[in-house]
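Read off the chains here:
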Amino acid sequence: MTYNLTSADPVGMSFWLISMALVAATAFFFIERDRVDGKWKTSLTVSGLVTLIAAVHYFYMRDVWVATGTSPTELRYIDWLLTVPLLMVEFYLVLSAVTKVPARVFWKLLVGSIVMLGFGFAGETAMMNVTLAFILGMAGWAFIVWEIFKGEASQINAGLSNANVQKAYKWMLICVTIGWSIYPIGYFFGYMAGGADAEMLNIVYNLADFINKIAFGVIIWAAAVADSDSKA
Ligand SMILES: *C/C=C(C)/C=C/C=C(C)/C=C/C1=C(C)CCCC1(C)C
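My aim in this report is to walk through the structure given alongside it, one point at a time. Bear in mind the structure is a predicted one, so any value in this text is a computation, not a measurement. (Residues numbered from 1 in each chain as written. Predicted model: local features only at pLDDT ≥ 70, side-chain atom pairs only at ≥ 80, totals over all residues. Heavy atoms only, no water.)

Structural notes on the packing of helix α4 (residues 103-124) against helix α5 (residues 130-149)
For any two helices packed against each other, one specifies the crossing angle of their axes together with the interaxial distance. Where α4 meets α5, the closest approach of the two axes is 8 Å, and the angle between their N-to-C directions is 160 degrees. Taken together, the axis directions place α4 and α5 in an arrangement best described as roughly antiparallel. As for the relative orientation of α4 and α5, their crossing is left-handed in sense. Across the interface between the two elements, Val105, Lys108, Leu109, Gly112, Ser113, Val115, Met116, Phe119 and Gly123 from α4 touch Val130, Ala133, Leu136, Gly137, Gly140, Trp141, Phe143, Ile144, Glu147 and Ile148 from α5. (Axes fitted to C-alpha atoms, helices over the stretch in contact; angles between N-to-C directions. Helix = DSSP H or I, 4+ residues; strand = E, 2+ residues; numbered from the N terminus. Parallel < 35°, antiparallel > 145°, perpendicular 65-115°, else oblique. Left-handed = near helix turned anticlockwise from the far one by under 90°. Contact = heavy atoms within 4.5 Å.)

Written out as structure tokens, the structure is:
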């Protein structure tokens with residue numbers, strides 16, 4: 001790959017910045033696993049896997065961007081297809097750290113996120129009508145948001161007596177509703193409202209990933225440390 005990153009390429013710079021932040025976050029989550037109680041370790045492992053998978057995709061996306069000024073949709077979606085279900089499963093894992101959670105909660109979150117992404121991909125790659133795919137993808141998102149806002153997961157959370165988990169749950173919920181709204185907005189402007197500026201879209205996606213992958217993991221880490229220390 002030819003090297004032609006310049007300071008006049010803010011998108012290329014943001015790809016570099018986020019890829020390095022993802023590597024550092026991965027090391028952090030894996031090392032910090034040692035510090036927390038056993039029941040929290042899986043949550044931190046999954047946080048580290050999310051940032052690891054994203055880091056590898058960012059290396060490729062960064063190189064493609066710097067060489068061609070474009071960013072392949074396929075790479076973003078392959079990343080999302082792995083990381084988004086893992087992020088949703090974190091709700092199950094965080095609740096499971098402190099109480100018994102039925103397996104169907106895990107399946108609802110997993111299937112809802114796969115439906116959302118499957119239709120988004122079908123729409124972006126013209127396998128399906130763009131608007132119909134968007135509506136069905138939005139329905140998948142609405143389903144998981146409902147599940148964590150009002151559904152079974154939310155009721156389990158409301159019944160807990162663990163303030164650390166409830167605080168993490170609240171911030172994770174804010175990520176999934178507000179932080180995640182960036183992606184359907186990008187799809188809407190990119191494919192339905194006359195096309196979006198590729199530079200703008202990539203910077204916005206990169207910043208969104210920083211919040212939704214790294215900050216999301218830090219929220220869980222903070223709860224895990226606070227909860228483990230409270231029992232030390
Ligand atoms: C780390 C990457 C994350 C958290 C990506 C999240 C992606 C979404 C929430 C995508 C949502 C979409 C819809 C709600 C409608 C259809 C189009 C999508 C796939 C962009």
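A closer look at empty space enclosed by the protein
A probe matching the size of a water molecule, rolled over the atoms, marks out where space remains unfilled. In this structure the tally under the stated criterion is 1 cavity of 30 Å³ or more. Of the voids in this model, the largest cavity is the one considered here, and its volume is about 300 Å³. As for the largest cavity, its lining consists of 20 residues, and the residues nearest its centre are Trp80, Met116, Leu117, Tyr183 and Pro184. At the level of secondary structure, the elements contributing two or more residues to the lining of the largest cavity comprise α3 (73-96), α4, α5, α8 (182-192) and α9 (198-229). Broken down by element, the lining of the largest cavity gets its largest block of residues, 5 residues, from α5. Along the lines of polarity and charge, the residues of the lining of the largest cavity split into 15 nonpolar, 3 polar and 2 charged. (1 Å grid on protein atoms, 1.4 Å probe; cavity = no way out; pocket = protein on both sides within 12 Å on 5 of 7 lines; lining within 4 Å. Points joined across faces, edges and corners; volume = space filled by probe spheres on them. Nonpolar A, V, L, I, M, F, W, Y, C, P; charged D, E, K, R; others polar.)

Observations concerning α5
Compared with the 28 Å implied by 1.5 Å per residue over 20 residues, the 28 Å span of α5 between its first and last C-alpha is a close match. Of the residues making up α5, those classed as buried are Ala133, Phe134, Gly137, Gly140, Trp141, Ile144, Val145, Glu147 and Ile148. Angular distribution of buried residues about the axis of α5 spans 160 degrees; they occupy a single face of the element. Of the exposed residues in α5, those oriented more than 90 degrees away from the buried face are Ile135 and Trp146. Structurally, α5 contributes buried residues whose contacts are with α3, α4, α6 (152-158), α7 (163-177) and α8. Two or three places before Thr131, at the start of α5, stands the capping residue Asn129, its side-chain oxygen 2.9 Å from that residue's backbone nitrogen. (Expected span 1.5 Å × (residues − 1). Buried < 20%, exposed > 50% of the residue type's maximum accessible area, 1.4 Å probe, protein only. Arc of directions from axis to C-beta. Polar contact = N/O pair within 3.5 Å; in protein donor to acceptor, adjacent residues only side chain to side chain.)

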